[in-house]
Amino acid sequence: MEKKVWYLEYEIQKNRPGLLGDISSLLGMLKINIVTINGIDEGRRGLLIKAEDNERIQRLESILNTMDTIKVIKLREPKLMDRLAVRHGRYIQRDADDKKTFRFVRDDLGVLVDFMAELMKQDGHKLIGIRGMPRVGKTESIVASSVCASKRWLFVSSTLLKQTIRNQLIEDEYSANNVFIIDGIVSTRRANERHWQLIREIMRMPTVKVIEHPDVFVQNTEYTMDDFDYIIELRNDPSEEITYDLVNHNNMFSAPDFGGFDF
């Protein structure tokens, strides 16, 4: 029988030498293998473990709940956030009110790339929005994530190297293995109807779409924030406010030069 992976997270109540050894010995007696272990925030540990059947996991949980040195926080089949927490040693910051919004700072680019790459590896339609001030690392993170996910990235609209506004795709670009990158400011303020026909076509495709400046995008289109599966916020530091003052003129995003919003 193939062993199943579980996620165990516990909080240390009484830290003493040999605590991890005791838990490792317990897992060994129950014939449960440790796949990965790491510290998760202060005073917590996370483990990916493998067991042949659910009964062993139930016995483990029962025994752990009798220990006064730890408190079991989670024991479940691992979710994406669990795997990333063990891999990087901490949980990704998530908005308390909007569960689909995740926050990063520039020092977290490695974690952000890993997170987006895992999303891009999933099959089917996925719409990701990314907010951030100029030159914070939005576009480079999207491209790096595509590479990590073994996906091909395509700029539908962008100002990364020069202003890009695509009006059509060539045959081999119609692939579910592609990641389509759209700059919400460029598309909504500079594009023509042929470009928008292409965007609508891409939005119907069962593939990953990443939209920079999603707030500007939805203000000027028929799409809404509810259409997004994930919203990512990237800042230089946690206190930075994400605004569009650099391109805001008379309450319209109509600045003549979008170069300041390359990323």
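That block above? That's the structure.
I will try to describe carefully the structure that is included in this document. (Residues numbered from 1 in each chain as written. Predicted model: local features only at pLDDT ≥ 70, side-chain atom pairs only at ≥ 80, totals over all residues. Heavy atoms only, no water.)

Here we look at a nonpolar patch on the surface
Then step 1. On the surface, Leu20, Ile34 and Ile37 cluster together into a nonpolar patch covering about 200 Å² of accessible area.
Then step 2. Along the chain, Ile34 falls in strand S2 (residues 33-39).
Then step 3. Given a relative accessible area of 36%, Ile34 falls into the partly exposed group. (Patch = residues over 30% accessible without salt bridge, like charges linked within 9 Å, V, L, I, M, F, W, Y side chains within 5 Å. Areas by Shrake-Rupley, 256 points an atom, 1.4 Å probe, with all protein chains shown as cover. Salt bridge = Lys/Arg side-chain N within 4 Å of Asp/Glu carboxyl O. Helix = DSSP H or I, 4+ residues; strand = E, 2+ residues; numbered from the N terminus. Buried < 20%, exposed > 50% of the residue type's maximum accessible area, 1.4 Å probe, protein only.)

Points about the pattern of salt bridges
Then step 1. For the structure shown, the criterion picks out 24 salt bridges.
Then step 2. Each of the salt bridges in this network shares a partner with another, and the network as a whole consists of Asp95, Arg103, Arg131, Asp215, Glu233 and Arg235.

Observations regarding the side chain of Asn178
Then step 1. Residue position: Asn178 is located in strand S11 (residues 178-183).
Then step 2. Judged by relative accessible area, which is 3%, Asn178 ranks as buried.
Then step 3. Polar contacts involving the side chain of Asn178 include one to the main-chain carbonyl oxygen of Glu173, which spans 2.8 Å.
Then step 4. Once residues within four sequence positions are removed from consideration, Asn178 is found in contact with Arg152, Leu154, Asp172, Glu173, Thr207 and Val208. (Polar contact = N/O pair within 3.5 Å; in protein donor to acceptor, adjacent residues only side chain to side chain. Contact = heavy atoms within 4.5 Å.)

Points about unusual backbone geometry
Then step 1. Positive phi is not limited to glycine here, since Lys31 has a value of about 60 degrees.
Then step 2. Within the secondary structure layout, Lys31 lies in the loop between helix H1 (19-29) and S2.
Then step 3. Using a relative accessible area of 56% as the deciding quantity, one classes Lys31 as exposed.
Then step 4. Unusually for a residue other than glycine, Ser150 sits at a positive phi of about 60 degrees.
Then step 5. Looking at where Ser150 falls in the secondary structure, it is placed in the loop between helix H5 (138-148) and strand S8 (152-155).
Then step 6. Its relative accessible area of 56% is what places Ser150 among the exposed residues.

Points about the sheet that holds strand S3 (residues 44-51)
Then step 1. Strand order in the open sheet formed by four strands is S2-S3-S1-S4, with antiparallel pairing between adjacent strands. A single partner strand is all that each edge strand has here, and the edge strands are S2 and strand S4 (70-76). Mean inter-strand twist for the sheet, computed between neighbouring axes without regard to direction, equals 20 degrees.
Then step 2. Bridge count for S2 against S3 is six bridges, and the pairing is antiparallel. Residue pairing in the sheet places Ile37 in a bridge with Leu47 of S3.
Then step 3. Packing against the sheet, helix H3 (residues 80-88) makes contact with strand S1 (4-12), S2, S3 and S4, and its axis sits at approximately 70 degrees to S2. (Pairing = 2+ DSSP bridges. Axes fitted to C-alpha atoms, helices over the stretch in contact; angles between N-to-C directions.)

Quick look at the packing of aromatic side chains
Then step 1. One pass over the full model with this rule turns up six aromatic pairs.
Then step 2. Here Phe102 and Phe115 contribute two aromatic rings whose centre-to-centre distance is 4.9 Å and whose plane-to-plane angle is 50 degrees, an arrangement assigned as tilted. Residue Phe102 is located in strand S6 (residues 101-105), and its partner Phe115 is located in helix H4 (residues 109-121); the two are separated by 13 residues in the primary sequence.
Then step 3. Of the residues examined, Phe115 reaches a relative accessible area of 0% and is grouped as buried. (Phe/Tyr/Trp six-rings, centres within 6.5 Å; stacked < 30°, edge-to-face > 60°.)

What about H4?
Residues spaced three or four apart along an α-helix face the same direction, because each turn holds 3.6 residues.
Then step 1. The terminal C-alpha atoms of H4 lie 18 Å apart, and with 13 residues this matches the ideal 18 Å at 1.5 Å per residue to within 8%.
Then step 2. In terms of residue burial, H4 counts as a mostly covered element, since eleven of its 13 residues are buried.
Then step 3. For H4, the set of buried residues is Leu109, Val111, Leu112, Val113, Asp114, Phe115, Met116, Ala117, Glu118, Leu119 and Met120. (Expected span 1.5 Å × (residues − 1).)

A look at the sheet that holds S11
Then step 1. Strand order in the open sheet formed by seven strands is S5-S6-S13-S7-S12-S11-S8, with mixed pairing between adjacent strands. In the strand order of this sheet, the two ends are held by strand S5 (93-94) and S8, each with one partner.
Then step 2. Pairing between S6 and strand S13 (residues 230-235): five bridges, direction parallel. The partner of Val105 across the bridge, within S13, is Arg235.

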